[in-house]
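# Tertiary structure, described
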Amino acid sequence: CFGEMVQMDGSHHDWLEGRGTELVLMGYIDDATGNVYGRFYDYEGTMPAMESFKRYVRRYGLPQSVYLDRHTTYKSTGKLTPEEELKGMTEPLSQFERALEELGVEVIHALSPQAKGRVERLFGVLQDRLVKEMRLKGIRTKDEANEFLRVYLPIYNKRFRVCPANDADVHVQLPKHFNLDKHLCIKTERTIRNDSTVALNGKLYQIEEQSGTKKVVVEERLDGSVHIAGGNKYLKYREITERPKKEAAAGTDKRAYHQPAAPAKDHPWRTWQRPVNDKWVWANAY
């Protein structure tokens, strides 16, 4: 069935043959039909994976499962937190795994490169044919390469796509109002401080309304925006760009070091000393 399983991976290659920066092709191939989708990015990471998956879903719908490798983008190498253990989780989820779980897409990890041979063979073919086509077109930038893919891949699929034993399309079509961005984003749980601020990645956000909870979830979305959810709603906030300087209270000593005043010349500390014969005498007696 079309959409029952999609193999996904990133191909690191000098796609522009030195005419531009090295790119990563985030590629998708349907396991039943060989239908191909792809898009170029600067690197292989969580955001490119989510952005490319969003584009795939908008074009074809949600696949039943995604088959990919154990790259740290797709497979978490961390340990379970106490909260995750209380939820009954057996292993931690990467941000990409968590997003697909929320969307109801099964994630299957390959145990070896040979296990996902179909997408690897696809990359071998594209590194030959696609590279030559882009050379003839004189493509030099990522944007030009992605624009070319929009024309090239439909032609490629028309030529090489095969008919499956069961021609049913099992992609789940989402309603137009469905908000993919609230799932395909980086989510981080944070605690609201006593001054109603939340800190994340060196930035400080001031919460401007009551949340009813001390725990919030900060969403870093694909378009670069930040949303803070707490108490089953999104909270109003503002980013604090400059932290207020603390002013010293009136009447306090503002010196860098609070050293005691020097003793007077006639202070006993200056006039007494212990001589060799262990008797206290006046210093000016010597």
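This text goes with the structure placed above it.
Below you will find a few notes about this structure. (Residues numbered from 1 in each chain as written. Predicted model: local features only at pLDDT ≥ 70, side-chain atom pairs only at ≥ 80, totals over all residues. Heavy atoms only, no water.)

## What to know about the overall build of the protein
The test is simple: Secondary structure elements follow DSSP: runs of H or I no shorter than four residues count as helices, runs of E no shorter than two count as strands, and numbering proceeds from the N terminus. Summary of the burial criterion: residues with accessible area below 20% of their type's maximum are buried, those above 50% are exposed, and those between are partly exposed, where the area comes from a 1.4 Å probe applied to protein chains only. Throughout, a residue-residue contact means that at least one pair of heavy atoms, one from each residue, lies within 4.5 Å. All accessible areas in this document rest on Shrake-Rupley with a 1.4 Å probe, and a residue is counted as covered only by the protein chains that are shown.
Counting secondary structure elements, the protein contains 6 helices and 13 strands. Across the 286 residues of the protein, 38% fall into the buried class. Sequence separation of 24 or more characterises 60% of the internal contacts of the protein that already satisfy a separation of 6 or more. Surface exposure of the protein reaches about 18,100 Å², of which carbon and sulfur atoms provide 50%.

## So, the side chain of Ser 11
As for its placement among the helices and strands, Ser 11 is situated in strand S1 (residues 6–13). Contact partners of Ser 11, with chain neighbours within four places excluded, come to Leu 23, Val 24, Leu 25, Phe 123 and Gln 127.

## With respect to the nonpolar core
Note the cut-off: What we call a nonpolar core is a set of buried Ala, Val, Leu, Ile, Met, Phe, Trp, Tyr and Cys residues that are connected through their side-chain atoms within 4.5 Å.
In this structure, Met 8, Phe 53 and Phe 96 are the most contacted members of the largest nonpolar core, which totals 25 residues. Elements with a minimum of two residues in this core: S1, strand S2 (23–30), strand S3 (36–41), helix H1 (46–60), strand S4 (65–68) and helix H3 (95–102). Here this core takes 6 residues from H1, the largest share from any one element. Excluding residues that lie within four positions of it along the chain, Phe 96 makes contacts with Met 8, Ala 49, Met 50, Phe 53, Leu 68, Thr 73 and Tyr 74. In terms of nonpolar packing, the next biggest core, distinct from the first, is built from 21 residues, Leu 130, Phe 148, Leu 149 and Tyr 156 among them.

## Comments concerning the sheet that holds S4
Rule in force here: We treat two strands as partners when DSSP finds at least two bridges between them. Here an axis means a line fitted to C-alpha atoms, over the contact stretch when the element is a helix, while the angle between two N-to-C directions is reported on a 0 to 180 degree scale.
Pairing is mixed in the open sheet, where 5 strands are placed in the order S3-S2-S1-S4-S5. The two strands at the open ends of the sheet, each matched to only one other strand, are S3 and strand S5 (106–109). Averaged over neighbouring strand pairs, the angle between their axes works out to 25° when direction is ignored. Of the strand pairs in this sheet, S1 and S4 are connected by 2 bridges, and their pairing is parallel. Opposite Val 6, over in S4, you have Val 66 as the bridge partner.

## Things to note about the packing of helix H4 (residues 117–137) against helix H5 (residues 142–160)
For clarity, the cut-off: Any angle between 65 and 115 degrees counts as roughly perpendicular, while under 35 counts as roughly parallel, over 145 as roughly antiparallel, and the rest as oblique. Working rule for handedness: look at the near helix, and if it is turned counterclockwise from the far one by less than a right angle, call the crossing left-handed; if clockwise, right-handed. Side-chain classes follow a simple rule in which Ala, Val, Leu, Ile, Met, Phe, Trp, Tyr, Cys and Pro form the nonpolar group, Asp, Glu, Lys and Arg form the charged group, and the remainder, Gly included, forms the polar group.
Across the interface, H4 lies against H5 with an axial gap of 11 Å and an inter-helix angle of 125°. Classified by the interaxial angle, the pair formed by H4 and H5 is oblique. The interaxial crossing formed by H4 with H5 has right-handed handedness. Side by side, H4 and H5 meet where Leu 122, Val 125, Leu 126, Arg 129, Leu 130, Glu 133, Met 134 and Lys 137 of the first sit next to Ala 145, Phe 148, Leu 149, Tyr 152, Tyr 156 and Phe 160 of the second. The residue makeup of the contact of H4 with H5, split by class, is 11 nonpolar, no polar and 3 charged.

## So, the environment of Pro 92
As for its position among the elements, Pro 92 is in the loop between helix H2 (82–86) and H3. For Pro 92, a relative accessible area of 13% corresponds to the buried category. C-alpha separation for the pair Pro 92 and Thr 81, spaced 11 residues apart in sequence, amounts to 8.0 Å.

## A look at empty space enclosed by the protein
To be explicit about the condition: Throughout, the protein atoms alone are placed on a 1 Å grid, and a set of points is a cavity if a 1.4 Å probe fits but cannot get out or a pocket if it is open with protein on both sides within 12 Å along at least five of seven lines; lining residues have an atom within 4 Å of a point. Grid points are joined across faces, edges and corners, and a volume is the space filled by probe spheres set on the points.
Enumeration according to the criterion identifies 1 cavity of 30 Å³ or more in this entry. By volume, the largest cavity is sized at about 40 Å³. Around the largest cavity sit Leu 25, Gly 27, Val 36, Tyr 37, Gly 38, Phe 123, Leu 126, Leu 130, Leu 149 and Leu 153, which together line it. Those elements giving two or more residues to the lining of the largest cavity turn out to be S2, S3, H4 and H5. Of the residues belonging to the lining of the largest cavity, the class tally is 8 nonpolar, 2 polar and no charged.

## Things to note about the pairing of strand S8 (residues 203–207)
Of all 5 residues that make up S8, 4 are buried, and the element is covered over most of its length. Bridge count between strand S7 (residues 197–200) and S8: 4 bridges; the pairing is antiparallel. Within S8, the residue paired with Thr 197 across the bridge is Gln 206. Connecting S7 to the antiparallel partner S8 that follows it, the hairpin turn spans 2 residues, and Asn 201 within it adopts a positive phi of roughly 50°. When S8 meets strand S11 (residues 237–240), the two strands line up antiparallel, connected through 4 bridges.

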